[in-house]
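For reference, the chains in residue letters:
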Amino acid sequence: MIHVLLLIACAVAIYLSCEWFVNAVEWLGERLNVGKMAVGTILAAFGTALPESVVTLVAVTTGGTEEAKNIGVGAAMGGPLALATVAYGVSGVVLLLHRRRRRAAVIAGGSGEVEVDPPGDSAQALGTARDMARLAKDQTWFLPIFIVKVGLGLVAFAFKPVLGLLFFAAYAVYFWREIRGGHDDDDELEVELEPLKFQPKAAAPATWAVIAQTLVTLVVIFFASHLFVTQLEIIGPMIGLSASVTALLLSPIATELPETMNAIIWIRQGKTKLALANISGAMMIQATVPSGLGLLFTAWKFDGALLWSGLVTMAAIVYLLANMRAHRLTPLRLGMAAGFYLVFAIGLIPILT
């Protein structure tokens, strides 16, 4: 019961700290004169992906055994899988519920003029053709990098560790592109900044308060996420799940909880583009930085479970890209991305047994 209560307390702490974090990071983007989309793809993504990257760094550099180092490899593969399936899927479901709730509120208002969405909210695309192209941009970057990442796990050669530096370089290019091009969408993406939680009465909060709130919330997210994962690993065997099943199925969802919480909060605030940008930006970090660390400090050799996770992740991205490029990505279709995680879980059973 203590572990269950701690698990619930951690989830609540992560959600509340994420709400304060997105509030702070929007003001931080304004202070740094960063484009509004880059707030999601760079600043928020970097902060929420930091715990997982640190887990990989510690595992691959201080692990005393090969099994300990493989925990870092599993984290590097499990993160993108959870983001491409569960995080996007939850965002689609929340967006669908948010639209229907908003529509019901308009109807309940009794204004007499009710704008009805075409055959149900689930049939309404997430944006214009330009919006779809923007959403597909990060996935187009992610997919080839991830294919190379998986391919390297199937081969062995002397200079493979050096290739880890190329993954860092790939993220540096992505980072530079996002920072430089982040202002292109500012006219279309009007983000109303809510008062800073640390200074709720200030129209323009002090820079020190913005930085302090960002750092404090990151610390809370970091420790709450790690405590959440620890409790999950304890509870898993208690309910009959093996350690390997818990590590591959439940831990990735737990470690990507901050990104999912951020998306829920931004969707609730009507900032869908920032929510999806946060997930796609976090995916770029997860595809490069932890992979680079794994290549540098481990053999980066995949077993059946890791290969299966890579194949399911690629299938989910191809599914999303096809809908984005055809301008057919709706909240319902986005929510269906979570089904790929179910496919992964079912396919994992014969591999582990």
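Everything numeric in this text was worked out from a predicted model, so none of it was measured.

About the thresholds
- Here the residue numbers are simple positions, counted from 1 along each chain's written sequence.
- A pLDDT threshold of at least 70 governs which residues receive local features in this predicted model, and a stricter bar of 80 or more applies before side-chain atom pairs are shown or counted, although totals over entire chains, interfaces and linings include all residues.
- Where side-chain values are given, they derive from all heavy atoms of the structure, hydrogens and water being excluded.
- In this text, buried Ala, Val, Leu, Ile, Met, Phe, Trp, Tyr and Cys residues form a nonpolar core when linked through side-chain atoms within 4.5 Å.
- Categorising residues by exposure relies on relative accessible area from a 1.4 Å probe, with only protein chains included: less than 20% of the type maximum marks a residue as buried, more than 50% marks it as exposed, and the intermediate range marks it as partly exposed.
- Put simply, DSSP marks the helices as runs of H or I at least four residues long and the strands as runs of E at least two long, and each gets a number from the N terminus on.
- Here the expected span of a helix is defined as 1.5 Å times the quantity of residues minus one.
- The seven residues ending at a residue and the seven starting there each receive a fitted axis; the angle between those axes is the bend at that residue.
- Here a patch means residues that are over 30% exposed by relative accessible area and free of salt bridges, tied together within 9 Å if like-charged and within 5 Å if nonpolar (Val, Leu, Ile, Met, Phe, Trp, Tyr).
- Method for areas: the Shrake-Rupley scheme with a 1.4 Å probe, in which residue coverage is limited to the protein chains shown.
- For salt bridges, the criterion is a side-chain nitrogen of Lys or Arg within 4 Å of an Asp or Glu carboxyl oxygen.
- For every residue, the predictor states its confidence as a pLDDT score lying anywhere from 0 to 100.
- Should any heavy atoms of two residues lie within 4.5 Å, those residues are counted as being in contact.
- Note on method: axes are straight lines fitted to C-alpha atoms, helices fitted across the in-contact stretch only, with angles between N-to-C directions ranging 0 to 180 degrees.
- In these notes the angle categories are as follows: under 35 degrees is roughly parallel, over 145 is roughly antiparallel, 65 to 115 is roughly perpendicular, and the rest is oblique.
- In this scheme the handedness of a crossing depends on how the near helix is turned from the far one: anticlockwise by less than a right angle means left-handed, clockwise means right-handed.
- The classification used treats Ala, Val, Leu, Ile, Met, Phe, Trp, Tyr, Cys and Pro as nonpolar, Asp, Glu, Lys and Arg as charged, and all other residues, Gly among them, as polar.

Draft legend 1. Expanded view of the nonpolar core. Y88, F228, M283, I317, L320 and L329 are the most contacted members of the largest nonpolar core, which has 86 residues in total. Ranked by size, the runner-up nonpolar core spans six residues in total, among them W27, L196, A209 and V210.

Draft legend 2. Region of interest: helix α4 (residues 129-152). For α4, built from 24 residues, the straight-helix expectation of 34 Å at 1.5 Å per residue is met to within 8% by its first-to-last C-alpha distance of 35 Å. At A136, α4 shows its strongest bend, of approximately 25 degrees.

Draft legend 3. Quick look at a nonpolar patch on the surface. The grouping of M1, V4, L5, I8, V12 and L16 at the surface amounts to a nonpolar patch, some 600 Å² of accessible area in total. By the secondary structure assignment, L16 is in helix α1 (residues 2-31).

Draft legend 4. Up close: the pattern of salt bridges. Scanning the model with the defined rule gives six salt bridges in all. Linking E26 and K271 is a salt bridge whose minimum nitrogen-to-oxygen distance equals 3.0 Å. Of this pair, E26 sits in helix α1 while K271 sits in the loop between α8 (257-268) and α9 (272-297), and the two are 245 residues apart along the sequence. Residue class for E26 comes out buried when judged on its relative accessible area of 7%. Each of the salt bridges in this network shares a partner with another, and the network as a whole consists of K137, D138, R177 and E178.

Draft legend 5. Structural context of the confidence of the model for the protein. Per-residue confidence for the protein gives a mean pLDDT of 81, with 86% of residues at or over 70. Considering each helix and strand of the protein separately, the mean pLDDT is smallest for helix α7 (residues 243-255), with a value of 70, and largest for helix α10 (residues 304-325), with 93. Note that pLDDT drops below 50 for residues 111-122; the model gives that stretch 16 contacts with residues more than four away or on any other chain.

Draft legend 6. Inspection of the packing of α8 against α9 at higher detail. One way to put it is that α8 packs onto α9 with a least axis distance of 7 Å and a crossing angle of 165 degrees. In this view, α8 runs roughly antiparallel relative to α9, as classed from their interaxial angle. Judged by the sense of rotation from one axis to the other, the crossing of α8 with α9 is right-handed. Contact with α8, carried on its side by E259, N262, A263, W266 and I267, involves T272, L274, A275, N278, I279 and A282 of α9 and no other residues of that element.

Draft legend 7. Just the packing of α10 against helix α12 (residues 339-352), in detail. Running from amino to carboxyl end, α10 crosses α12 at an angle of 160 degrees, the nearest separation of the two axes being 10 Å. The orientation of α10 relative to α12 falls into the category roughly antiparallel. Viewed along their axes, α10 and α12 form a crossing whose handedness is right-handed. Judged by residue contacts, G304, A305, W308, S309, V312, A315, A316 and Y319 of α10 engage F340, V343, F344, G347, L348 and I351 from α12. Residue composition of the contact of α10 with α12, by class: 11 nonpolar, three polar and no charged.

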